[in-house]
2 protein chains.
Amino acid sequence: MDRPVCVLGAGSWGTVVASLASGEVRLWARRRELADELNASHRNPRYTGELVLAEHVVATSSLEEACAGAAAVLVAVPSAGFRPVAIALDGLVATDAPVLSLTKGIERGSHATMTQVLRAYLPAASIGVLTGPNLAKELAQGMPAACVVALGDEAGARLVQDRLHGPSFRVYTTTDVVGCEVAGATKNVLAIAAGVSDGLGFGDNTRATIITRGLAEMGRLGVAMGAEALTFGGLAGVGDLVATCTSDRSRNRRVGIGLGRGATLAEAIASVGEVAEGVVSAEPLVALARDLGVELPICEQVAAMVAGTATPTEALATLAARPARGEWDVELLRDLRR
Amino acid sequence: MDRPVCVLGAGSWGTVVASLASGEVRLWARRRELADELNASHRNPRYTGELVLAEHVVATSSLEEACAGAAAVLVAVPSAGFRPVAIALDGLVATDAPVLSLTKGIERGSHATMTQVLRAYLPAASIGVLTGPNLAKELAQGMPAACVVALGDEAGARLVQDRLHGPSFRVYTTTDVVGCEVAGATKNVLAIAAGVSDGLGFGDNTRATIITRGLAEMGRLGVAMGAEALTFGGLAGVGDLVATCTSDRSRNRRVGIGLGRGATLAEAIASVGEVAEGVVSAEPLVALARDLGVELPICEQVAAMVAGTATPTEALATLAARPARGEWDVELLRDLRR
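Residues numbered from 1 in each chain as written. Chains lettered and ligands numbered in written order. Predicted model: local features only at pLDDT ≥ 70, side-chain atom pairs only at ≥ 80, totals over all residues. Heavy atoms only, no water.

A. Highlighting the overall build of chain A. The secondary structure content of chain A amounts to 17 helices and 8 strands. Taken against the 2.2 N^0.38 rule, which gives 20 Å for 338 residues, the C-alpha radius of gyration of chain A at 19 Å falls within 12% of a compact globule. A burial count over chain A gives 62% of its 338 residues as buried. Put simply, 71% of the contacts in chain A that link residues at least 6 apart link residues at least 24 apart. (Helix = DSSP H or I, 4+ residues; strand = E, 2+ residues; numbered from the N terminus. Rg over C-alpha atoms; globule rule 2.2 N^0.38 Å. Buried < 20%, exposed > 50% of the residue type's maximum accessible area, 1.4 Å probe, protein only. Contact = heavy atoms within 4.5 Å.)

B. Looking closely at the sheet that holds strand β1 (residues 5–8) of chain B. Residue and element names in this part refer to chain B. Taken in spatial order, the 8 strands of this open sheet run β3-β2-β1-β4-β5-β6-β7-β8, and their pairing is mixed. Looking along the sheet, the strands with just one partner apiece sit at the ends: β3 (57–60) and β8 (169–174). Neighbouring strand axes in the sheet, compared pairwise and without regard to direction, differ in orientation by 25 degrees on average. As judged from the 6 bridges shared by strand β7 (residues 145–150) and β8, these two strands associate in the parallel manner. (Pairing = 2+ DSSP bridges. Axes fitted to C-alpha atoms, helices over the stretch in contact; angles between N-to-C directions.)

C. Geometry of the pairing of strand β6 (residues 127–131) of chain B. Residues and elements named next belong to chain B. Counting buried positions along β6 gives 5 out of 5 residues, so the element sits mostly inside the fold. Side chains I127, V129 and T131 of β6 all project onto a buried face; the interleaved residues G128 and L130 project onto the opposite face, where all are buried too. Strand direction decides the pairing type here: strand β5 (residues 99–101) and β6, joined by 3 bridges, are parallel. For V99, the partnering residue across the bridge sits in β6 and is I127.

D. Expanded view of helix α2 (residues 32–41) of chain B. All names here are of chain B. Listed in full, the buried residues belonging to α2 are L34, A35 and L38. Buried residues of α2, viewed axially, fall in a sector of 100 degrees; they line one side. Summarising the geometry of α2, the exposed residues directed more than 90 degrees from the buried face are R32, E33 and A40. With its phi angle positive at about 55 degrees, H42 sits one or two positions after the end of α2. (Arc of directions from axis to C-beta.)

E. Examining the pattern of salt bridges more closely. Using the criterion set out here, one finds 26 salt bridges over all chains in the structure. In this structure, the salt-bridge partner of R31(B) is E33(B), at a minimum N-O distance of 3.7 Å. On the accessibility criterion, R31(B) (43% relative accessible area) is partly exposed. For E33(B), a relative accessible area of 51% corresponds to the exposed category. Among the charged side chains, a salt-bridge network with shared partners connects E138(A), R249(A), D198(B), D204(B), R207(B), D248(B) and R253(B). (Salt bridge = Lys/Arg side-chain N within 4 Å of Asp/Glu carboxyl O.)

F. Region of interest: the relation of the copies chain A and chain B. Between chain A and chain B, the superposition needs a rotation of 180 degrees and an axial shift of 0.0 Å, giving an RMSD of 0.0 Å. These values place the two chain copies in the arrangement generated by a two-fold rotation axis. Relative to the rotation axis, the C-alpha of G233(A) is the closest in chain A, positioned 3.2 Å from it. By residue overlap, the copies meet face to face through one surface: 100% of the interface positions of chain A are interface positions in chain B. (Least-squares fit on C-alpha atoms with pLDDT ≥ 70 in both.)

Okay, here's the thing in structure tokens:
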């Protein structure tokens, strides 16, 4: 009998991942009523519509019950509530179980990534991320997609791969945890910029240019934090960035479209409904980059729009006023050729 | 008085580039009637709608007149008619004028790139490419975009940059001609695959995954031909690929959508109207890669669909049946770290 896979967080992505895993699955919902509803109806209508969870997915509002004997723990809690969950995990997770963050954000105040938060309370665990172009609504409908499991421990990565891989969900593995995590946090901020461009009425060339220059920002920050440059050319980088910046289903892009069309931030957020991580992460991401001496011009303009210190038109004008030169920074080339 | 810039080919892209250049511009149209119409109306309604060409753009159907004294020659002729124009250029181009291909394809039969064709007849010239996410219709409407001028000769690159750079068109420079050219030829083929996925009703995750794995194909082929891997992360690579694979204005994507919805190739092409280079280039691109021992699984399936030997459903099933493994090939990593 396989040990259960544990998914923490029953929002849209946590619920979909629980539905994709094979074998026994425990799905932790913070609210007891939601756990009870999930077990009674095998549905999570607010977040995943018509998706039906199999009998082998058992919901609980007890973290202890969710984690007991789990072969792997997948944490899909929004960044704003991530640390309290990480603190509570201390002592609940089997020492051989990999712990993966499914959350793409940077913590306010600390400027910490989600794996840094996990590591503070689970120092002995193998900690990584699950990421890629994975719009939850599409996976809930069975459309084909692929993801990356990033984990230093290759046996743990293969275990997660085996439990999640299926006919419409391809799971690749990598050891570059930092790169995958920086990519995920940055793409949500960049998707707001792409949405703003669309909301202002600009076209596909403009959006593709923002995606490309944004990818360079992501790569600069990642390499400064020790990532492999190649990661940004893969599913965690380009793949997730493109999906998030071009999809009508992307919450972050939709916030940007609202801003570009002249809505206030509050109006734009309200029209989306669920948490858009890029709104929360823009400021701490830019602060983290500044701590490291890395320039992120597009993300800085998103942070300014979120803070209300720049309008969309001003933000794009600031970007357009930067001088054109060789496409690549000399420093980046040096880093990559090291 | 600046020397004129010469643009060869008065299709949509040639006409738009002529409209973006500063100073005197000569625009060569193969048909005399089109040249006359351009000079009389300053419009090219079939290809560029309402776009008005400035007085400093003068059309001609004489190649000799178009090239006489030109500071730079930009060749925007479809790949199927490229070689005859290259042959005719011999003796017409000033020895100090850079010659840039604006055409993104591979020649049938020879499997040659457009710069290889140019080099055969202009051995002393500085030869490069102009590329990037540049959907002609959007540039014709003044929407912001960026491009890359790839030329071994940096002074020539700066000359072209100066003549094309403007408030809504940012021109970057690079010396990686091979990388830019491979990227441009490959993205047109990949855009057909992205369109097929959309036409079959798959979502943004699937399309982003095709774009990402397609980018890896492009990079493998480019590195095998001597390109810089970094080029594929820039405007010529990711940028152009994303624009072409996500835009409703992309001819190649629209051919793919037609195929995905069950149209025959002839029907899909007819509904688009203008040449879709990916249809012409799929077979020679795959043959070129095979000559070099490089595997291009997605492009191979596009070539099979174009040849009529695979249906869209069969092509996607073949791709989905490939085993999942580490995201990056060991050989690519070795090439990149060389």
